[in-house]
Amino acid sequence: DTAVSQTPKYLVTQMGNDKSIKCEQNLGHDTMYWYKQDSKKFLKIMFSYNNKELIINETVPNRFSPKSPDKAHLNLHINSLELGDSAVYFCASRRTGVPEKLFFGSGTQLSVL
Amino acid sequence: GEDVEQSLFLSVREGDSSVINCTYTDSSSTYLYWYKQEPGAGLQLLTYIFSNMDMKQDQRLTVLLNKKDKHLSLRIADTQTGDSAIYFCAESIKDYKLSFGAGTTVTVRA
């Protein structure tokens, strides 16, 4: 059973569209994240939820809206997609406490044409 | 990120040792981490070190921490082709938040 699963794995869409990426973890963790990895492999945190509450909200355009319906799910909705949104988006989760061992999903490659 | 810096590429011959270096900025980081990313996959935690330790050994992996210089290194002994991947250094900068370096792409040649 996959610990952190995200769908879809690939997403190709036109500029201006709205799309969602879903993430689920079956590890019983209480903190979940979205990270963006650009073409140079630089990994930047976007959002984090702890027990369905938003705790990290980095400087990302407000076209990006995370939603956590329960502790096991964290979805990412993106409005009015732009070319610069093309990247690989990773979901991750961890149990609260230290050390901060993150478990990552396998990524969603988003291509905006 | 700007908080964590790593060299971008390392090429090593199979059977040799690999050393990947990293510098970080937040002296209050409690733990420092090494993650591995294989092609088409997410990051996996390889190992971590508590900030009051100088060294940690885990089978073929040795982590060295120089807290004074804020320098972290990962040594992989007897490097194998399966070790080809991107290696990310990370520091914990505040609650719930890890800051990652840009990753070092390690290529193992026969």
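Going by the structure above, here's the rest.
Because the structure is predicted, anything quoted here is derived from the model rather than measured. (Residues numbered from 1 in each chain as written. Chains lettered and ligands numbered in written order. Predicted model: local features only at pLDDT ≥ 70, side-chain atom pairs only at ≥ 80, totals over all residues. Heavy atoms only, no water.)

1. Concerning the side chain of A:Ser93
All names here are of chain A. Basically, it comes down to this: Each helix is a run of H or I in the DSSP string that is no shorter than four residues. Each strand is a run of E no shorter than two, and both are numbered from the N terminus. Think of a polar contact as two N or O atoms within 3.5 Å of one another; within protein, one of them needs to be a possible hydrogen donor and the other a possible acceptor, and neighboring residues in sequence only count if both atoms come from side chains. Should any heavy atoms of two residues lie within 4.5 Å, those residues are counted as being in contact.
One can find Ser-93 in strand β9 (residues 87-94). Within the structure, the side chain of Ser-93 is placed 2.8 Å from the side chain of His-29, a separation counted as a polar contact. Residue contacts for Ser-93: discarding those within four places in its chain leaves Val-4, Gln-25, Leu-27, His-29, Thr-31, Met-32, Tyr-33, Lys-101, Leu-102 and Phe-103.

2. Overview of the side chain of A:Gln6
Residue and element names in this part refer to chain A. Residue placement: Gln-6 occurs in strand β1 (residues 4-7). A polar side-chain atom of Gln-6 sits 2.8 Å from the main-chain carbonyl oxygen of Tyr-89. Separated by 3.0 Å, the side chains of Gln-6 and Thr-108 make a polar contact. Residues within four places of Gln-6 in sequence aside, it is in contact with Ile-21, Lys-22, Cys-23, Trp-34, Tyr-89, Phe-90, Cys-91, Gly-105, Ser-106, Gly-107 and Thr-108.

3. Focus: the pairing of β9(A)
Residue and element names in this part refer to chain A. Inclusion rule: When accessible area is computed with a 1.4 Å probe and restricted to protein chains, residues below 20% of their type maximum are described as buried, those above 50% as exposed, and intermediate ones as partly exposed. Should DSSP find at least two bridges between two strands, the strands are regarded as paired.
Here β9 lies mainly inside the structure; eight of its eight residues are buried. Side chains of β9 alternate between two faces, with Ala-87, Tyr-89, Cys-91 and Ser-93 and Val-88, Phe-90, Ala-92 and Arg-94 buried alike. The pairing of strand β4 (residues 31-37) with β9 spans seven bridges and is antiparallel. Each residue of the ladder has a partner; that of Thr-31, found in β9, is Arg-94. Note that β9 and strand β11 (residues 108-112) share three bridges and pair antiparallel. Paired with Val-88 across the bridge in β11 is Gln-109. Looking at chain direction, β9 and strand β10 (residues 103-104) are connected through two bridges and run antiparallel.

4. A look at the state of the cysteines
Residues and elements named next belong to chain B. Rules: Counting rule for disulfides: a pair of cysteine sulfur atoms within 2.5 Å.
Applying the stated rule across the entire model yields two disulfides over all chains. Bridging Cys-22 to Cys-89, the disulfide has an S-S length of 1.9 Å. Judged by the sign of its S-S torsion, about -65 degrees, the bond between Cys-22 and Cys-89 is left-handed. Note that Cys-22 is positioned in strand β3 (residues 18-24) and Cys-89 in strand β9 (residues 85-94), a separation of 67 residues in sequence. For the pair shown, Cys-22 and Cys-89 are each scored as buried.

5. Considering the interface of chain B and chain A
Here is the rule we go by: Defined in terms of a 1.4 Å probe, buried area is the accessible area two parts forfeit on being brought together, summed over both. By salt bridge we mean one thing: a side-chain nitrogen of Lys or Arg within 4 Å of a carboxyl oxygen of Asp or Glu. Each residue is assigned to one class: nonpolar for Ala, Val, Leu, Ile, Met, Phe, Trp, Tyr, Cys and Pro, charged for Asp, Glu, Lys and Arg, and polar for all the others, Gly among them.
Facing the 21 residues of chain B at the interface are 25 residues of chain A. Around 1,900 Å² of area is buried between chain B and chain A when both sides are counted, 61% of it from carbon and sulfur atoms. At the junction of chain B and chain A, the tally comes to zero salt bridges. Taken together, the connections running from chain B to chain A amount to five residue pairs in polar contact (both at pLDDT 80 or more). Contributing elements (two or more residues each) for the side of chain B that touches chain A: β4 (31-37), β5 (43-50), β9 and β10 (97-100) of chain B. The residue makeup of the side of chain B that touches chain A, split by class, is 13 nonpolar, five polar and three charged.

6. Examining the layout of surface pockets
Sizing a probe to match a water molecule and rolling it over the atoms shows the empty space that remains. Put simply, the rule reads: Space inside and on the surface of the protein is sampled on a 1 Å grid over the protein atoms alone, with a cavity defined as a set of points where a 1.4 Å probe fits but cannot get out and a pocket as an open set with protein on both sides within 12 Å along at least 5 of 7 lines; lining residues have an atom within 4 Å of a point. Grid points are joined across faces, edges and corners, and a volume is the space filled by probe spheres set on the points.
Volume-wise, the largest pocket comes out at about 370 Å³. Together, 23 residues line the largest pocket, and A:Gln37, A:Lys41, A:Val88, A:Gln109 and B:Gly40 are the ones closest to its centre. Contributions of two or more residues to the lining of the largest pocket are made by β9 and β11 of chain A together with β9 of chain B. Of all the elements, β11(A) adds the most residues to the lining of the largest pocket, at four residues. In the lining of the largest pocket, the residues fall into nine nonpolar, ten polar and four charged.

7. Observations regarding the environment of B:Ile76
Residue and element names in this part refer to chain B. In this fold, Ile-76 is placed in strand β8 (residues 71-76). Considered as a pair, Ile-76 and Thr-62 are 14 residues apart in the sequence and their alpha carbons are 6.7 Å apart. When sequence neighbours within four positions are dropped, the list of residues in contact with Ile-76 reads Asp-16, Ser-17, Ser-18, Arg-60, Leu-61, Asp-83 and Tyr-87.

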